[in-house]
Amino acid sequence: SGNAQNFVKNEMISSWALDKTSILALHEKIQTDLSLKERVSDIVGDDVLSIFASAVDEAENAPENNIENKNVVFLYYAVKNSTNLDMENFNKNELEPLSNLALSIPLLSNLCKFVLKDQNLKAELHEKIGKEDLEYLEMVTNNSVEEGDEFLQDESITPKIVKLYHATRNIVLFQAFSKLGALYKKIENILTSTETTDDIIYNVALVRLKTLISAPWNQQVIAAEAMKYDFDFLGHVYSFWKKVISQRSSKPDKKVKKITKMKTPTSFDTFGRPKRSRRRRNDVVTYDEDVMQNCVIKSETNIKLEPEDDDSVPEGTEGMFFGK
């Protein structure tokens, strides 16, 4: 019965669980090699190393042998992978923010899926990243997904994948937010006049759109990763406009019903993610799967880039975002 209990216990351990001896050994390695510590600090920052040290203390004093807190595990891989990087071979301006030093497989997979949706974007990446390198990134990602890995396990390819992921992501998101910014300028007046409607999901989507547009680059990137590169909330904006325009066409004098401006719920941030007031956050260490799963309100309607009639979307906005 003892063996059966141990088997059940092992089966319940998360796939990303980390033996605490691993995190203790990594911490000792960094602390006993000053040049390594300085190099890692230059990559992740002193604040992240401080958080890592605190996590090590907690692990050392914990009775459990396995660490299942995904934030701590993510932090471990971020710091560990940093020990294998030589930033002199990288152009940091092309890669920052280095938000996935841990090489989370879900983040890699979400990026690859996003690229596959747009052949024009893929062609641009072939030109700027290289077709072979992009296919290599996809192959490594797919293999890791098939193996059920939560983080990349092959240390020998860590530097290459760190560079490929962040360079690819930045090209993809720069294009995405450039298009989104241009679209926003064209329709800003419409957005302002419809920001307080009786459609709650539309109101939330509008808040998210405005927040994404106004955020600094680093925050835009973190938000896109947290949203799993899923911009489906824009579909609800399109559907709402189409409904309103249709109503106006049949009843010219009817205006969009407005209600008192809603306040964003205090328990959620502007991306729809639950606030975590007690948890320290950093571009490198934030990795809450529950936050990721709940940060996007998905609409059932995909964005249609070819309207059914000439009045279905505001003039000049057709096809501006993520053509397929």
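The structure we're discussing is the one just above.
Bear in mind that the values here come from a model prediction, so they are computed numbers and not experimental data. (Residues numbered from 1 in each chain as written. Predicted model: local features only at pLDDT ≥ 70, side-chain atom pairs only at ≥ 80, totals over all residues. Heavy atoms only, no water.)

1. A short note on unusual backbone geometry
With glycine set apart, most residues show a phi of negative sign, and most peptide bonds adopt trans. Backbone torsion omega between Glu96 and Pro97 reads 0°, so that peptide bond is classified as cis. Its place among the elements puts Pro97 in the loop between α6 (92-95) and α7 (105-116). Unlike most non-glycine residues, Lys228 shows phi in positive territory, near 60°. Following the sequence through the fold, Lys228 ends up in the loop between α11 (217-226) and α12 (233-250). Positive phi values are uncommon outside glycine, yet Tyr229 reaches one of about 55°. (Helix = DSSP H or I, 4+ residues; strand = E, 2+ residues; numbered from the N terminus.)

2. Things to note about helix α9 (residues 158-193)
Its 36 residues give α9 an end-to-end C-alpha distance of 49 Å, which sits within 8% of 52 Å, the value for a rise of 1.5 Å per residue. The largest bend in α9 is about 65°, located at Ile187. (Expected span 1.5 Å × (residues − 1). Bend = angle between axes of the 7 residues up to and from the residue.)

3. Focus on the environment of Pro159
Among the structural elements, Pro159 can be located in helix α9. The spacing of Pro159 and Asn89 is 70 residues in sequence and 9.6 Å in space, taken between C-alpha atoms. Among all residues touching Pro159, those that are not within four sequence positions of it are Asn84, Leu85 and Phe90. (Contact = heavy atoms within 4.5 Å.)

4. Observations concerning the packing of aromatic side chains
The tally for this structure, following the rule as stated, stands at 6 aromatic pairs. Summarising the aromatic geometry, the rings of Tyr77 and Phe151 are spaced 4.7 Å apart at their centres and angled 15° between planes, so their arrangement reads as stacked. Within this pair, whereas Tyr77 is found in helix α5 (residues 70-82), its partner Phe151 is found in the loop between α8 (119-147) and α9, the two being separated by 74 residues in sequence. Assigned by exposure class, Tyr77 and Phe151 land together as buried. Ring geometry for Phe114 against Phe231: centres 6.1 Å apart, planes inclined by 50°, an arrangement best described as tilted. Separated by 117 residues along the polypeptide, Phe114 in helix α7 and Phe231 in the loop between α11 and α12 bring together distant segments of the chain. The exposure class assigned to Phe114 is buried, which follows from its relative accessible area of 7%. (Phe/Tyr/Trp six-rings, centres within 6.5 Å; stacked < 30°, edge-to-face > 60°. Buried < 20%, exposed > 50% of the residue type's maximum accessible area, 1.4 Å probe, protein only.)

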